[in-house]
Amino acid sequence: MPAPAAPAPKPVFYKDVLPILQKRCQECHRPGEIAPMSFRTYAETRPWAKAIRQAVVTRKMPPWFADPAYGHFANDRSLSKTEIQTLADWADSGALAGDRKDAPPPRDWPSGWNIGTPDAVFEMPAEFPIPASGAVDYQYVILATRFAEDKWIERVEVRPGNRATVHHAVVYIREPGSQWLAGEPGGVAFPLPPGSGHRPNPRSLTTSDILMVYTPGNSSEIWSPGIAKKIEAGSDLILQMHYTATGTATTDRTSIGIVFAKTPPKQAVLTLQMGNDRFVIPPGDPDYRVSVTGTLPNDALLIGLLPHMHLRGKAFEYLLDRGNGAIETLLKVNYYDFHWQIDYRLATPRLLRAGTRLEWVGYFDNSANNPRNPDPAAEVRFGEQSWEEMMIGFFDVLVDAGLTKAKFFERKR
Ligand code: HEC
């Protein structure tokens, strides 16, 4: 005689569900952060039980797209199978509260800055108006740091004034003497004059280092002790703002907060990028492959990867050639989602030897089956706007604290 089936488990909110929400969801699902609703209490969460089930079973939430077969990441926020089962069973068994006494203590989230109290804050000096509809050119804002000495940055956070409209923001460090955007106004936001043809606007190209890239789901960088990013004395921060219209006319005033390292670091973080801007994606192509290869001139330790494509972006791979035909996959993103541009931070740094062949590959879906595709009939090239495409693999590396980006790229003969 078979044993009677065990009764279906009935997970309850306080004991089983809340710990998962605290660990994996409240980062965004709390007031003032990017998610539209909070999951701090039973009352807040109960109405969403069915939607939560759906979102976690389909792995739409939490946003995390790295193929688990490759690499280990420090900021992996994906749920385990058990956690998914618990949330699904909770929704299926009536989404019960359980006993409040079993609840973990509420997680003590910071209000405002997530990096602690910043040592310096740089804010756009004026609200920038975003129309209800239509494309907005990238806006540039030059913010003078007025640092009289070199500064090492251990933490940085970008806080949009209006999260709904800021699609992404790049904070560049314009080193003293750089001619990039020289003569442009400080403070107020300005677009660049139109570039020619389909090539990127030459004036938007720079070799300046990047302090950080803000995207929804990636709003701060906190480096480990002994690791920092340098801002040379007299540098300016250049904010590149990409706004998207939301259906309502609105404004934004974004700020950047930074925390200085208290002691000089051993290693400096450099943000590098390797991309391809010469592709032509044929109309209707469901799986168009665009790749770029290169080598580094010096050894560096890889610590983070951030693939960047637009609405037709479908998948992305970072590959490393170990020689003798052995290809190592550093990161594989199978379901690239334009709305979530995630910085995948390696659990342990990976040495990239000078001269090692690196290949980044992006796949694009320009077919009508891609629900985000603005126009399957279009032949698509490189461009800044969402209906154009990009293929860039950003990557953060650690180098000796004495090296600048320019020195790192001097090739030894
Ligand atoms: C990195 C930020 C982030 C994290 C972490 C996150 N969410 Fe979300 N979530 C969002 C945002 C933003 C939205 C609204 C936009 C969207 O639906 O993509 C959302 C929407 C949702 C929705 C509504 C989906 C729908 O179909 O309308 C549910 C349900 C949800 N999240 C559940 C969760 C659960 C459960 C977790 C944790 C296991 C979680 N989220 C973790 C940011 C996040």
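Residues numbered from 1 in each chain as written. Predicted model: local features only at pLDDT ≥ 70, side-chain atom pairs only at ≥ 80, totals over all residues. Heavy atoms only, no water.

J.: Would you mind going over the sheet that holds strand E5 (residues 166-174) with me for this structure?
T.: Sheet architecture is open: four strands sit in the order E3-E9-E5-E6, paired in antiparallel fashion. Two strands bound the open sheet, and with one partner strand each, they are strand E3 (139-144) and strand E6 (209-214). This sheet shows a mean twist of 20° between the axes of neighbouring strands, independent of strand direction. Sheet analysis places E5 next to E6, joined by five bridges and oriented antiparallel. Counted as the bridge partner of Val170 is Val213 from E6. (Pairing = 2+ DSSP bridges. Helix = DSSP H or I, 4+ residues; strand = E, 2+ residues; numbered from the N terminus. Axes fitted to C-alpha atoms, helices over the stretch in contact; angles between N-to-C directions.)

J.: Help me understand the nonpolar core in this model?
T.: For soluble globular proteins, nonpolar side chains are generally found buried alongside one another. Counting residues in hydrophobic clusters, the biggest one holds 62 residues, and the most contacted among them are Tyr344, Trp360, Phe395 and Val397. Broken down by element, the residue count for this core peaks at five residues, all from strand E19 (residues 392-400). The residues touching Tyr344, leaving out its near neighbours within four places in the chain, are Trp64, Phe65, Ala66, Phe73, Asn75, Ile303, Gly304, Leu305, Pro307, Leu331 and Val333. (Core = buried A, V, L, I, M, F, W, Y, C linked by side-chain atoms within 4.5 Å. Buried < 20%, exposed > 50% of the residue type's maximum accessible area, 1.4 Å probe, protein only. Contact = heavy atoms within 4.5 Å.)

J.: Got a minute to help me understand the sheet that holds strand E16 (residues 327-333) in this structure?
T.: Two pairing modes exist for strands in a sheet, parallel and antiparallel, and in both the strands are linked by backbone hydrogen bonds. Ordered by their spatial adjacency, four strands build an open sheet running E13-E18-E15-E16, and the pairing between neighbours is antiparallel. The sheet is open, and its two edges are formed by strand E13 (288-294) and E16, each paired on a single side. Averaged over all pairs of adjacent strands, the angle between strand axes in this sheet comes to 20°, irrespective of strand direction. Here seven bridges tie strand E15 (residues 313-321) to strand E18 (residues 358-364), and the two strands are oriented antiparallel to one another. Residue pairing for E18: Gly313 is matched across the bridge by Phe364.

J.: Looking at this structure, how should I read the side chain of Ser93?
T.: Tracing the backbone shows Ser93 in the loop between helix H4 (81-92) and strand E1 (120-123). For Ser93, a relative accessible area of 18% gives the class buried. At a separation of 2.7 Å, a polar atom in the side chain of Ser93 contacts the main-chain carbonyl oxygen of Asp89. Once residues within four sequence positions are removed from consideration, Ser93 is found in contact with Lys10 and Pro11. (Polar contact = N/O pair within 3.5 Å; in protein donor to acceptor, adjacent residues only side chain to side chain.)

J.: Hey, could you run me through the pairing of strand E14 (residues 300-308) in this one?
T.: For a regular strand, the rule is simple: side chains alternate between the two faces of the sheet. The buried count for E14 comes to eight of nine residues, which makes it a mostly enclosed element. As paired elements, E14 and strand E17 (residues 344-352) share five bridges and run antiparallel to each other. Directly across from Leu305, in E17, lies its bridge partner Tyr344.

J.: Quick question: what am I supposed to make of the site of the ligand here?
T.: Near the ligand there are 21 residues, and of these Cys25, Cys28, His29, Met37 and Met61 occur at the shortest range. For the ligand, an oxygen atom lies 3.4 Å from a polar atom in the side chain of Lys60. When residues of the shell around the ligand are assigned to their parent elements, the largest contribution, four residues, is made by helix H3 (residues 49-57). Here the shell around the ligand is built from residues that sort into 16 nonpolar, one polar and four charged. (Near = heavy atom within 4 Å. Nonpolar A, V, L, I, M, F, W, Y, C, P; charged D, E, K, R; others polar.)

J.: What's the story with the pairing of E1 in this structure? I'm lost.
T.: With burial as the criterion, only one face of E1 is covered, namely that bearing Ala120 and Phe122; the residues Val121 and Glu123 on the opposite face remain uncovered. Bridging between E1 and strand E11 (residues 255-260) involves four bridges; their strand directions are antiparallel. For Ala120, the partnering residue across the bridge sits in E11 and is Ile258.

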